[in-house]
Amino acid sequence: MQSAQPIGLPTGAFPATDRVAIDEPYTKMWFDLVVRASKRGQVSLVITVIALLIFSVTATQSLGRDDFGVLVLVVFGLLAVLNGVAVLVNGRTRAVAESVYPRYPWHAVAATMVSDRPFVAAVQLGPDRVHLSLRRAQPVTRQVVLRSGRLWLCGPDERGRVMARVDGLSFGVPARILDQPPADATPPVLTEPTGPRPLDEPMLAGLLRRQLRLGLVRYLGPAIVLALGVASVVVSPVYAAVGPIFLVLAVVYAVLAGLAVTRFQGILRQSSRLLADAPGWTPVLARLDSWQAAGRVIGPARGQVWLPDGSTATVSVPRAGIDLVANIQASGTLWVAGPPTRGSTMAVGLPGYPLLGLATIE
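Below is a summary of the structure that appears in this document. (Residues numbered from 1 in each chain as written. Predicted model: local features only at pLDDT ≥ 70, side-chain atom pairs only at ≥ 80, totals over all residues. Heavy atoms only, no water.)

This brings us to the pairing of strand β9 (residues 312–321). Pairing of strand β8 (residues 298–306) with β9, which is carried by eight bridges, proceeds in the antiparallel orientation. Residue pairing in the sheet places Arg302 in a bridge with Ser316 of β9. As consecutive antiparallel partners, β8 and β9 are separated by five residues, and within that stretch Gly310 has a phi angle of approximately 95°, a positive value. Relative to strand β12 (residues 356–361), β9 is paired through two bridges, and the arrangement is antiparallel. Across the sheet, the residue bridging to Ser316 is Thr360, located in β12. (Pairing = 2+ DSSP bridges. Helix = DSSP H or I, 4+ residues; strand = E, 2+ residues; numbered from the N terminus.)

See below:
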């Protein structure tokens, strides 16, 4: 049975405290995602290293052509380093989660922000007041801790490692108990909305900017890397025979990536417009009947909403994230940007959180 929500925020999802963390559905979903990401990162690192070795041979053939091969080597060497760092970071998160999730439940502790960068919080852990370092925590984590004065912890284990999360967000980040607080600590400042519109919330505006950058990197980054690889193959006499095949693959990928980026930017522009045009948030009673994540943390959701005029309508969110779903289920409330209107596509989220979706009210 889901534990009762503690008093602190008007709405939000909180973890169950009557079972070990791995038995909580949302924690398990994020843990499975971390495990898959860790494995994919390892495979990606191996492929990048192999590509680096192959293009090393290509580069020796293309030296003298404006040193193009050296540029390819630098790009793929940088990719190998970035992949290596990602593997290490995901591996550490996975190791801590594997240590504490199957053994300890989540529990709430009073928390006070001590330092912004690095993110350090003072918490009451049993009879002791200790300092936790949460280097991987996002800005929203700091803001939620400032508002609620609370952290959710799982652990610590024998090595003093902890997984931590905050109200309303189900993703846990690794934390470490410090021997002493940082000497030059600068506490963060609570950011307030600059106006009444949903887009005036710093967390939501920041989410849109990050999604735009991540979308470009996700789709255009591989296309640029592939283009460099194809070019290095084409100019090298060693691999000239397979150059046309690589070129066709690059063109196909570039077209698909361009279509994906165009669609992604269209969604972001529509979300930004809806958030900017809305005079504020409108809470409506809601119940989700289905959510098909299919092993991921995002998927289509459908349910019912009770509109301000007392009528009932069907709502569908094609790309509903795990935390948006968790908060709707926990609070029975769907927050709509502006007045809810039948037959319209509207932005939905949670005030003060970087959670966003597009919903159709039928």
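All right, on to the sheet that holds strand β11 (residues 344–349) then. Note: strands within a sheet are paired through backbone hydrogen bonds, in either parallel or antiparallel orientation. Reading around the circumference, β7-β8-β9-β12-β11-β10 is the order of the six strands in this closed barrel, with antiparallel pairing throughout. For this sheet, the mean inter-axis angle between neighbouring strands, taken without regard to orientation, is 45°. (Axes fitted to C-alpha atoms, helices over the stretch in contact; angles between N-to-C directions.)

Applying the stated rule across the entire model yields eleven salt bridges. Among the salt bridges present, the one from Arg19 reaches Asp18, with a minimum N-O distance of 3.0 Å. Of the residues examined, Arg19 reaches a relative accessible area of 24% and is grouped as partly exposed. The shortest N-O distance in the salt bridge between Arg197 and Asp200 comes to 2.8 Å. On the basis of relative accessibility, which here comes to 31%, the residue Arg197 falls in the partly exposed class. We classify Asp200 as buried; its relative accessible area is 10%. (Salt bridge = Lys/Arg side-chain N within 4 Å of Asp/Glu carboxyl O. Buried < 20%, exposed > 50% of the residue type's maximum accessible area, 1.4 Å probe, protein only.)

Right, let's get into empty space enclosed by the protein. For the coordinates displayed, the defined rule picks out two cavities of 30 Å³ or more. Quantified by volume, the largest cavity comes out at close to 50 Å³. When residues of the lining of the largest cavity are assigned to their parent elements, the largest contribution, three residues, is made by helix α1 (residues 25–62). Of the residues that constitute the lining of the largest cavity, the class distribution is seven nonpolar, one polar and no charged. As a volume, the second largest cavity reaches approximately 40 Å³. Asn327, Thr333, Trp335, Gly349 and Leu350 are, among the ten residues lining the second largest cavity, the residues nearest its centre. Elements with a contribution of two residues or more to the lining of the second largest cavity: α6 (322–331) and β10 (333–337). With four residues, the top contributor of residues to the lining of the second largest cavity is α6. Here the lining of the second largest cavity is composed, by residue class, of five nonpolar, five polar and no charged. (1 Å grid on protein atoms, 1.4 Å probe; cavity = no way out; pocket = protein on both sides within 12 Å on 5 of 7 lines; lining within 4 Å. Points joined across faces, edges and corners; volume = space filled by probe spheres on them. Nonpolar A, V, L, I, M, F, W, Y, C, P; charged D, E, K, R; others polar.)

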